[in-house]
Amino acid sequence: MAEQYYLAAFIAVSAGATFATRVVPFLFFERHTEHPLIKHIGRFLPAAVMALLAVIFLQRSANWGASAPGLDALVPGLLVVIIHLWRRNALLSIAAGTAAYMTIQQAGWLT
């Protein structure tokens, strides 16, 4: 019984901390949305984060020792870029890339 209370408390604290990390920047920067630094960060940070995630994905997820080195991660990555440029929908492009990557991994293609 104590484990259930511990688990519930852990979930509540985790949810509160996650919520706080999402809300605090909006509360803090509410009055400073026109500041040049905030505009600069808002313009360039999303692209920088996506580039960093792409590099980490290719480094850690690709099979560079296969007969077609890295192709198992490059194909889904390229699919994400193509779909995003075509539809301009981040959710659709990420979902398609994830589905392609998981299909390639589960089927054993390109490895």
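Scroll up for the structure.
Nothing here was measured: the structure is a model prediction, and the numbers come from that model. Within each chain, residues carry numbers counting from 1 in the order of the written sequence. Reporting of local features is limited, given that this is a predicted model, to residues whose pLDDT is at least 70; pairs of side-chain atoms are given and counted only at 80 or more, and all residues count toward the totals for whole chains, interfaces and linings. Remark: hydrogens and water are excluded; side-chain values derive from all non-hydrogen atoms of the structure.

Peer 1: Teacher, can you tell me more about the overall build of the chain here?
Peer 2: For helices the rule is a DSSP run of H or I covering at least 4 residues; for strands it is a run of E covering at least 2, with both sets numbered from the N terminus onward. The helix and strand tally for the chain stands at four helices and zero strands. Going from the N terminus to the C terminus, the chain shows its helices and strands as α-α-α-α. We take the radius of gyration over the C-alpha atoms and set the globule estimate at 2.2 Å times the residue count to the 0.38 power. Over its C-alpha trace the chain gives a radius of gyration of 20 Å, far above what one expects of a compact globule, namely 13 Å for 111 residues. A principal-axis box enclosing the C-alpha atoms of the chain has dimensions of 55 × 50 × 25 Å. With a 1.4 Å probe rolled over the protein chains alone, any residue whose accessible area is under 20% of its type maximum counts as buried; one over 50% counts as exposed, and the rest are partly exposed. When burial is assessed residue by residue, the chain has 11% of its 111 residues classed as buried.

Peer 1: Could you clarify how one ought to interpret the packing of helix α2 (residues 36-61) against helix α3 (residues 71-87) in this entry?
Peer 2: Axis angle and axis distance: for two packed helices, these are the angle between their axes and the distance between the axes, and together they describe the pair. Where α2 meets α3, the closest approach of the two axes is 9 Å, and the angle between their N-to-C directions is 150 degrees. Between α2 and α3, the crossing angle belongs to the class labelled roughly antiparallel. When you trace α2 past α3, the crossing you get is right-handed. Here α2 contributes F57, L58 and S61 to the contact with α3, which in turn contributes D72, A73 and L74. Lines fitted to the C-alpha atoms define the axes, with helices restricted to the stretch that makes contact. Angles between their N-to-C directions range from 0 to 180 degrees. Roughly parallel here means an angle under 35 degrees, roughly antiparallel means over 145, roughly perpendicular means 65 to 115, and every remaining angle is called oblique. Handedness of a helix crossing follows the sense of rotation of the near helix relative to the far helix, less than a right angle counterclockwise being left-handed and clockwise being right-handed. The contact definition used throughout considers only heavy atoms, calling two residues in contact when any of these lie within 4.5 Å.

Peer 1: How should I be thinking about the side chain of D72 in this particular structure?
Peer 2: With respect to the helices, strands and loops of the structure, D72 is situated in helix α3. Throughout this description, a polar contact denotes any pair of N or O atoms lying within 3.5 Å of each other; where both atoms belong to protein, one of them has to be capable of donating a hydrogen while the other can accept it, and for residues adjacent in sequence the pair is counted only when both atoms sit in side chains. A distance of 3.1 Å separates a polar atom in the side chain of D72 from the backbone nitrogen of N63. At 3.1 Å, the side chain of D72 forms a polar contact with the side chain of Q105. With near-sequence residues (within four places) excluded, D72 lies in contact with S61, A62, N63, Y101, I104, Q105, L110 and T111.

Peer 1: Sorry if this is basic, but what is going on with α3 here?
Peer 2: What sets the pattern is the α-helix's 3.6 residues per turn: residues three or four places apart point alike. Helix span, expected: 1.5 Å multiplied by one less than the number of residues in the helix. Here α3 is 17 residues long and its end C-alpha atoms lie 24 Å apart, about the 24 Å a rise of 1.5 Å per residue gives. Along α3, the residues that are buried comprise D72, A73, P76 and I83. The buried residues of α3 all sit within an arc of 100 degrees when viewed along its axis, so they share a single face. The exposed set on the far side of α3, more than 90 degrees from its buried face, consists of L78, L85 and W86. Buried positions along α3 lie against α2 and α4 (90-107). Looking at the residues trailing α3, positive phi occurs at R88, about 55 degrees. Starting at the helix axis, one direction is taken to each C-beta atom, and the arc is that of these directions.

Peer 1: Can you walk me through the packing of α3 against α4 in this structure?
Peer 2: For the pair α3 and α4, the least separation of the axes is 8 Å and the interaxial angle reads 160 degrees. Taken together, the axes of α3 and α4 lie roughly antiparallel to each other. For the pair α3 and α4, the sense of crossing is right-handed. Side by side, α3 and α4 meet where D72, V75, P76, L79, V80, I83, H84 and R87 of the first sit next to A90, L92, S93, A96, G97, A100, Y101, I104 and Q105 of the second. Amino acids are sorted into nonpolar (Ala, Val, Leu, Ile, Met, Phe, Trp, Tyr, Cys and Pro), charged (Asp, Glu, Lys and Arg) and polar (every other residue, Gly among them). Here the contact of α3 with α4 is composed, by residue class, of eleven nonpolar, four polar and two charged.

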